[in-house]
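# Summary of the model geometry
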Amino acid sequence: MSEYIIKNGTVYDPKTGVKGEVKDICVKDGKIVEKVSSKAKSLDAKGKSVMAGAVEVHAHVAGPKVNEGRNYRPEDKLFSYKPGGKNTRMSGGFSIPTTFKTGYEYARMGYTTVMEAAMPPLYARHVHEEIKDTPIIDEGAFPVFGNNWFVFEYLKNNEMDNVMAYISWLLKTTRGYAIKIVNPGGSEAWGWGENCNTIHDPVPYFDITPAEIMKGLLTANEKMGLPHSIHVHTNNLGNPGNYETTLDTFKLSQGIKATNKFGREQVLHHTHVQFHSYGGDSWATFESKAKDVMDYVNANKNMTMDLGCVTLDETTTMTADGPFEHHLTTLNHLKWANVDVELETSSGIVPYVYDPNIKVCAIQWAIGLELALYAKDPMRVFVTTDHPNAGPFTRYPRIFKWLMSNASRQEMLKGFKNSDKVIAATDLASLDREITLYELAQMTRAGPAKSLGLESMYGGLAPGMEADVAVYDFDEGKVASPEDIEKAFSSAEYVIKSGTLVVDHGEIVSNGNKRTLWVDAKVPVNSQVERDVQMKFLKYYSVNLNNYEVSDHYVPNPYVIEVDTN
Amino acid sequence: MDVVKLTPSKVPELYLESEHISPDVFAGKSSQEIGDLHVHMGNQTYKLSDFFTIEGKGGATAADTKIVITGDAGRVKYIGMKMTGGEIEVLGNTDMYTGAWMAGGKITVRGNSDSFAGIAMTGGELRIEGNARNYIGAAYRGDWRGMQGGTIVIRGNVGSDVGSNMNGGLIDIGGDADVHLATHADGGKIIVRGVAKGRVGGQMVKGDIYVLGGVERMMPSFRCDHEEEAEIDGKKMTFQVFYGDLGERHGKRKGEIIYGKIFVAAAGKPDGQKAGAAKSERRVKLNEKQIAQLAEAFRGAEPTVQEVRTYIFDTFGFDLKPMQVSRLIDAIKR
């Protein structure tokens, strides 16, 4: 494989503690190395910023609901198609881009690893088919466990060994990466036309509470020592006053220490916290509770979170939180798709326009940024938009701009139609912190990689790590206007993925060598779970067990992380 | 105002996709530059001058530019797409998407126009002197934002799904309208001077529809509320006012529920047919001259019923039932 030397760049790397020093980065055989031979291709990075490839911790980029979004929103693709080029296929779409555009756009922003945040196990094959068709980036997918009948029954009977055996079986069967929990119990309750609005509302029929589900899965996750912690989207998303439910959820992890051999320190990752940090008791009294939420996060080192920043665009919301999507369509009266995924979860899709002229949307925008600005430890707070729910991932550079420039935030705040009300309901006007490039590297690289248990592979530039490197035409000391930040991060100068140059001056030059990450957690043979699985398939599932498993040809280039829990 | 004259020099083998025929694009360009603009046919790219002779140059701005297509453009799509000012006059027919996403200016089509004319239009004026097909002033597929402003005037008949998702502006139809008029409308105004066939205003939330020639079959989800006098073209007429779609959500203003309204002229037709109530279908028949023309057009061919039906709709401007067409074909054969 080829060798590269990235010369004279200003390096920001939390993994090795390099804060903006001029250094050369050497790449050989797909890894970062100390030295390369004189034959190495030299890339000039003088006056430019060099970072590890970014790691996306939570985005909906592949699978049945993303595809149904594409399917039922032809207007999202209108006028957005770009014909194929020398190294690229035709690509299009804005909030729900084609798989090809997803790969190209992530790579152009310097992202090299992306986690698909919600994989319904029944449709895992579809998820992997789309992952296979997404070029360049390494991907993994989180199967959803929070509304699963097996999990409910085993947890209700306090059969922890069976829970672990089932988790192990499902991760292997779906080629999944981590335990995702979406509106625990609530999506199942939706099958009875109900929801769980607090973590203590029992699920109809199963008579188990969301708190028991989350705590049980958390315990199983730590007993198994999986690379990532449980990945939670708790109950009561999007409702005024929901921050209390969020804090109750956080407290489930209080005092519990992580056990694993991957360097992960948290036992709970809470996703898109922006949607869970609302005060007030109606849309009229809607306000930010970012400070209360972040006070807890700052004080408790055993959890991580991501933002879910609203970008004020027209987008497509999609989540396994079925009842929430129904609630949303009754609010905005736009089209609605909904599905019940048999024994596993439900799901819904509704287009949404985050209009800056609407007070609530502007407050949501402010909360996303406040969360990041209140964060004391950037290694535990990651930048996301919950793509495409709060905005498309292609807007990350704009979020970086808002985080790194107080002037650009204040200008936005003053420009809103309901500016006074937005300022009164949030603290953003008084927050003058500006995130540094080093902190940004923590929030987008080292932090998410560590949280995913991948700190030895991704998110850093230490020798021996994956050669995922991004070079931006950006000099932190010489920022003339906030727009420069957005421009620089929209289109990286160079991106190297696993030692291959994939982006050269913002153009895709290679489709890389993408891999699918999954976790093979070995547990003792458990014949009861084997029998239960067979019984459930015979009795309830609409498919045969043999048509369920994601067989190897769906995952042509796997990277398996083995965990031995024997 | 500078005039650019486009004279069709070659009939495209397939259909031309030519979103560049617009005063906004032509403004500030010489005839040479206009001729070099690209058009697509199938998967191939051509120049505008491959299909048109171009005379004259564009004005300084879109508003100073007038485009005249001197012949038939029945195979040219996207004429005047996204235009914001100026004028286009087409002396013949146009294909789909005429004046789509139009925001200003004026388009006049002397002949017929195909489907999707004026979709998602926000302003300006689109006049079609012949007939038009389906989805006029509607939303783009999947979108919920149909026509939002401006005026569409059609002298002849229109096809189905006209004004779908409309939420502003005016569509004035001189003739009859096929089914699914103003489905899902959330505002705007439609006048049908002929007969509206049925399923008018399905899932309509807001907006006004005036039908002067009666509605053949009213949706069961509309309720006749009262009679009201209103003025159309300066003439006072009595209308039965229907409220609906009762199966949908409706907003409130000052405590009163806002419904979509269908105004059906109480005595619209000169032959005294009662409006509102289901009205017998108007019998349409071809006259002898038209039958002769039809026989000439399909001489020696074995056309399908649908082909003949389409031909009749395109040429004579009305729709026959398949059974009628089938009988007609048999009669001509004999």
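A quick note: this is a predicted structure, and the numbers were derived from the prediction, not measured. (Residues numbered from 1 in each chain as written. Chains lettered and ligands numbered in written order. Predicted model: local features only at pLDDT ≥ 70, side-chain atom pairs only at ≥ 80, totals over all residues. Heavy atoms only, no water.)

### Examining the overall build of chain A
Broken down by element type, chain A carries 18 helices and 24 strands. The C-alpha atoms of chain A give a radius of gyration of 22 Å, which matches the 24 Å a tight globule of 566 residues would have. Each principal axis of the C-alpha atoms in chain A carries an extent, and together these give about 65 × 55 × 50 Å. Within chain A, contacts between residues at least 6 apart in sequence are counted, and of these 77% link residues at least 24 apart. A distance of 5 Å separates the average location of the 58 positive side-chain charges in chain A from that of its 71 negative side-chain charges. (Helix = DSSP H or I, 4+ residues; strand = E, 2+ residues; numbered from the N terminus. Rg over C-alpha atoms; globule rule 2.2 N^0.38 Å. Contact = heavy atoms within 4.5 Å. Lys, Arg positive; Asp, Glu negative; His and termini not counted. Charge placed at Lys NZ, Arg CZ, Asp CG, Glu CD.)

### Some details on the overall build of chain B
For chain B, the count of helices and strands is 5 helices and 21 strands. Relative to a compact globule of 334 residues, whose C-alpha radius of gyration would be 20 Å, chain B shows 21 Å and is just as compact. Over its C-alpha atoms, taken along the principal directions, chain B stretches across nearly 65 × 60 × 35 Å. In chain B, which comprises 334 residues, the share counted as buried stands at 51%. Within chain B, counting contacts between residues at least 6 apart in sequence, those at least 24 apart form 41% of the total. Within chain B, the 43 negative side-chain charges are centred at a point lying 4 Å from the centre of the 43 positive side-chain charges. (Buried < 20%, exposed > 50% of the residue type's maximum accessible area, 1.4 Å probe, protein only.)

### Some details on the sheet that holds strand S2 (residues 16-17) of chain B
Read from one edge of the open sheet, 4 strands run S4-S3-S2-S7 (chain B), paired in mixed fashion. Pairing within the sheet leaves two strands with one partner each, and these edge strands are strand S4 (44-47) and strand S7 (76-77) of chain B. (Pairing = 2+ DSSP bridges.)

### Points about the interface of chain A and chain B
The extent of an interface is frequently quoted as the accessible surface area lost upon association of the parts. Each partner contributes residues to the interface: chain A has 11 residues there, and chain B has 10 residues. A buried area of about 890 Å², summed over both sides, lies between chain A and chain B, and 71% of it is on carbon and sulfur atoms. Linking chain A to chain B there are 1 salt bridge. Measuring nitrogen to oxygen at the nearest pair gives 2.9 Å for the salt bridge that ties Arg145 of chain B to Glu314 of chain A. Run the count over chain A and chain B and you get 3 residue pairs in polar contact (both at pLDDT 80 or more). For the side of chain A that touches chain B, the secondary structure elements donating two or more residues are helix H2 (74-77) and strand S17 (345-353) of chain A. For the side of chain A that touches chain B, the per-class residue count stands at 6 nonpolar, 1 polar and 4 charged. (Buried area = accessible area lost by both parts, 1.4 Å probe. Salt bridge = Lys/Arg side-chain N within 4 Å of Asp/Glu carboxyl O. Polar contact = N/O pair within 3.5 Å; in protein donor to acceptor, adjacent residues only side chain to side chain. Nonpolar A, V, L, I, M, F, W, Y, C, P; charged D, E, K, R; others polar.)

### Some words on the sheet that holds strand S23 (residues 516-522) of chain A
Residue and element names in this part refer to chain A. Reading across from one edge, S6-S7-S8-S23-S24 is the order of the 5 strands in this open sheet, with parallel pairing throughout. Looking at the sheet topology across the chains shown, the edges are occupied by strand S6 (54-59) and strand S24 (558-564). Going from strand to strand, the sheet's axes swing by 25 degrees on average, the running direction of each strand aside. Lying on the sheet, helix H16 (residues 437-451) is in contact with S6 and strand S7 (111-119); it crosses S6 at an angle near 65 degrees. (Axes fitted to C-alpha atoms, helices over the stretch in contact; angles between N-to-C directions.)

### Re the pairing of strand S10 (residues 230-233) of chain A
For a regular strand, side-chain orientation follows a simple rule: the groups alternate between the two sheet faces. Residues and elements named next belong to chain A. By the alternation rule, side chains of S10 split into Ile230 and Val232 and His231 and His233, which are all buried. Sheet topology note: the strand S9 (residues 180-182)/S10 ladder contains 3 bridges and is parallel. Looking across to S10, one finds that Val182 is bridged to His233. Summarising the sheet, S10 and strand S11 (residues 268-270) pair through 3 bridges and their orientation is parallel. Of the residues in S11, the one forming a bridge with His231 is His269. Handedness of the crossover joining S10 and S11 through helix H9 (residues 243-251): right-handed. (Right-handed = clockwise from strand over helix to strand, strands pointing away.)

### A short note on the nonpolar core
Residues and elements named next belong to chain A. With 146 residues, the main nonpolar core has Tyr106, Ile167, Tyr177, Leu217 and Trp365 as its most contacted residues. It is helix H12 (residues 359-374) that contributes the most residues to this core, 12 residues altogether. What Leu217 contacts, discounting residues up to four positions off in sequence, is Phe145, Val151, Leu155, Val163, Ile167, Ile179, Ile181 and Ile230. (Core = buried A, V, L, I, M, F, W, Y, C linked by side-chain atoms within 4.5 Å.)

### Observations regarding the pattern of salt bridges
In this structure the tally under the stated criterion is 47 salt bridges over all chains. Here Glu75 of chain A and Lys335 of chain A are joined by a salt bridge, their closest N and O atoms 3.1 Å apart. A residue pair is termed long-range when its members are at least 10 positions apart, and Glu75 of chain A in helix H2 and Lys335 of chain A in the loop between helix H11 (322-332) and strand S16 (337-341) qualify at 260 residues. Overall, the relative accessible area of 22% leaves Lys335 of chain A in the partly exposed class. Measuring nitrogen to oxygen at the nearest pair gives 3.7 Å for the salt bridge that ties Glu87 of chain B to Lys66 of chain B. Here Lys66 of chain B lies in strand S6 (residues 65-69) and Glu87 of chain B lies in strand S8 (residues 87-90), a separation of 21 residues in the sequence. Taking the relative accessible area as the measure of exposure, Glu87 of chain B reaches 22% and is therefore partly exposed. Residue Lys66 of chain B is classed as buried on the basis of its relative accessible area, which comes to 18%.

### Re the packing of helix H13 (residues 396-404) of chain A against helix H14 (residues 406-415) of chain A
For any two helices packed against each other, the geometry comes down to the angle between their axes and how far apart the axes lie. All names here are of chain A. For the pair H13 and H14, interaxial distance at closest approach is 5 Å and the crossing angle is 100 degrees. Taken together, H13 and H14 sit at an angle that is classed as roughly perpendicular. The segment H13 lies against H14, with Lys401, Trp402, Leu403 and Met404 engaging Asn406, Ser408, Arg409 and Met412. A per-class count over the contact of H13 with H14 returns 4 nonpolar, 2 polar and 2 charged. (Parallel < 35°, antiparallel > 145°, perpendicular 65-115°, else oblique.)

### Things to note about the domain arrangement of chain B
All names here are of chain B. Domain boundaries assigned for chain B yield domain 1 (2-265) and domain 2 (288-333). Put simply, the middle of domain 1 and the middle of domain 2, counted by C-alpha atoms, are 28 Å apart. Facing 6 residues of domain 1, the contacting portion of domain 2 comprises 6 residues. Buried surface at the junction of domain 1 and domain 2, both sides included, amounts to about 440 Å², of which 35% is carbon and sulfur. There are 1 salt bridge connecting domain 1 and domain 2. (Domains from an automatic or database assignment.)

### Some details on the packing of aromatic side chains
According to the stated counting rule, one finds 39 aromatic pairs over all chains in the structure shown. Geometrically, the ring pair formed by Tyr111 of chain A and Tyr396 of chain A is tilted, given 5.4 Å between the ring centres and 40 degrees between the ring planes. Taken together, the residues Tyr111 of chain A in strand S7 and Tyr396 of chain A in helix H13 connect sequence positions 285 residues apart. Each member of the pair, Tyr111 of chain A together with Tyr396 of chain A, is buried. When the centroid spacing of 6.1 Å and the interplanar angle of 90 degrees are considered together, the rings of Phe239 of chain B and Phe263 of chain B count as edge-to-face. Of this pair, Phe239 of chain B sits in strand S18 (residues 235-244) while Phe263 of chain B is found in strand S21 (residues 260-265), placing the two residues 24 residues apart along the sequence. The two residues Phe239 of chain B and Phe263 of chain B agree in class, both being buried. One aromatic cluster is present, built from ring pairs that chain together Tyr106, Tyr111, Phe393, Tyr396, Phe400, Tyr472, Phe474 and Phe489 of chain A. (Phe/Tyr/Trp six-rings, centres within 6.5 Å; stacked < 30°, edge-to-face > 60°.)

### Overview of helix H3 (residues 99-108) of chain A
All names here are of chain A. Counting buried positions along H3 gives 9 out of 10 residues, so the element sits mostly inside the fold. By the burial criterion, the buried members of H3 are Thr99, Phe100, Lys101, Thr102, Gly103, Tyr104, Glu105, Tyr106 and Ala107. Looking one or two residues past H3, Gly110 carries a phi angle of roughly 90 degrees, positive in sign.

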